[in-house]
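Structure assessment
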Amino acid sequence: MKKRGATILLYNGEGSLLLFLRDDKPGLPCANMWDLPGSHVEAGETPDDCIVREMREELGVDIKNSVLFRIYEFDDRTDHVFSAPFSRDAGDLKLTEGQALGWFTESEIEGMELAFGFNRVTNDFFASRLPKKPT
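Keep in mind that what you see is a predicted model, and the values were worked out from it rather than measured.

Digging into the state of the cysteines
- Summed over the entire model, instances satisfying the criterion amount to zero disulfides.
- Free cysteine Cys30: the closest other cysteine sulfur is in Cys50, separated by 17 Å.
- A relative accessible area of 0% places Cys50 in the buried class.

A short note on unusual backbone geometry
- The backbone of Cys30 sits at a positive phi, close to 55°, despite the residue not being glycine.
- On the basis of relative accessibility, which here comes to 24%, the residue Cys30 falls in the partly exposed class.
- Even without being a glycine, Phe116 presents a positive backbone phi close to 60°.
- Relative accessible area serves as the criterion here: at 28%, Phe116 is assigned to the partly exposed category.

Quick word on the pairing of strand S2 (residues 17–21)
- With five of its five residues buried, S2 lies for the most part within the structure.
- Neither face of S2 is open: one carries Leu17, Leu19 and Leu21, the other Leu18 and Phe20, and all of them are buried.
- Of the strand pairs in this sheet, S2 and strand S7 (residues 100–104) are connected by five bridges, and their pairing is antiparallel. Looking at the pairing, Leu19 lines up with Gly102 of S7.
- As defined by bridge partners, S2 adjoins strand S3 (residues 34–35) across two bridges and the pair is classed as antiparallel. Following the sheet pairing, Phe20 is matched in S3 by Asp35.

What counts, and at which threshold
Residues numbered from 1 in each chain as written. Predicted model: local features only at pLDDT ≥ 70, side-chain atom pairs only at ≥ 80, totals over all residues. Heavy atoms only, no water. Disulfide = S-S within 2.5 Å. Buried < 20%, exposed > 50% of the residue type's maximum accessible area, 1.4 Å probe, protein only. Helix = DSSP H or I, 4+ residues; strand = E, 2+ residues; numbered from the N terminus. Pairing = 2+ DSSP bridges.

Encoded structure:
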C-alpha cells in the first residue's frame, strides 16, 4: 500500500507560494532542494489533521482555513494537497525543519526543480488561478 502525504500550498496576495529549503543531510531524500510544506500522514490521522499538525510543528502556525486543492497519485505515495491564503513574512516564521523559507513567484518556481515532483502541483495551482477565457 502506498504512503499517504499531506502538503499545503500557502499563497499570498502577490501570487507567490511559500517554499522551504530542505536540510542538506546525508541520506535525506531530496536534500538541499526547495519543497512544499507537509509530511506523511501518520496512522489513525486524516490528511486534514496531518496538515494542521505539520504546520504547527514545522512553522509554529495554526492553519485553520485550508481547503483541499487536489489529490495526486505519485509513484510512491498518494498526496492530499491543500491550499490556504497566508500573509506572514517568511522571516517572521519559526522554521523547525529545513534551512530556509521563502516566497516564490510562478516564474521563479518554473526555473526550479522542486522536491518530490511538486512542480506538477505548483503548475496546476498556478494554472487554476488564471482568469478563464470567454468561450
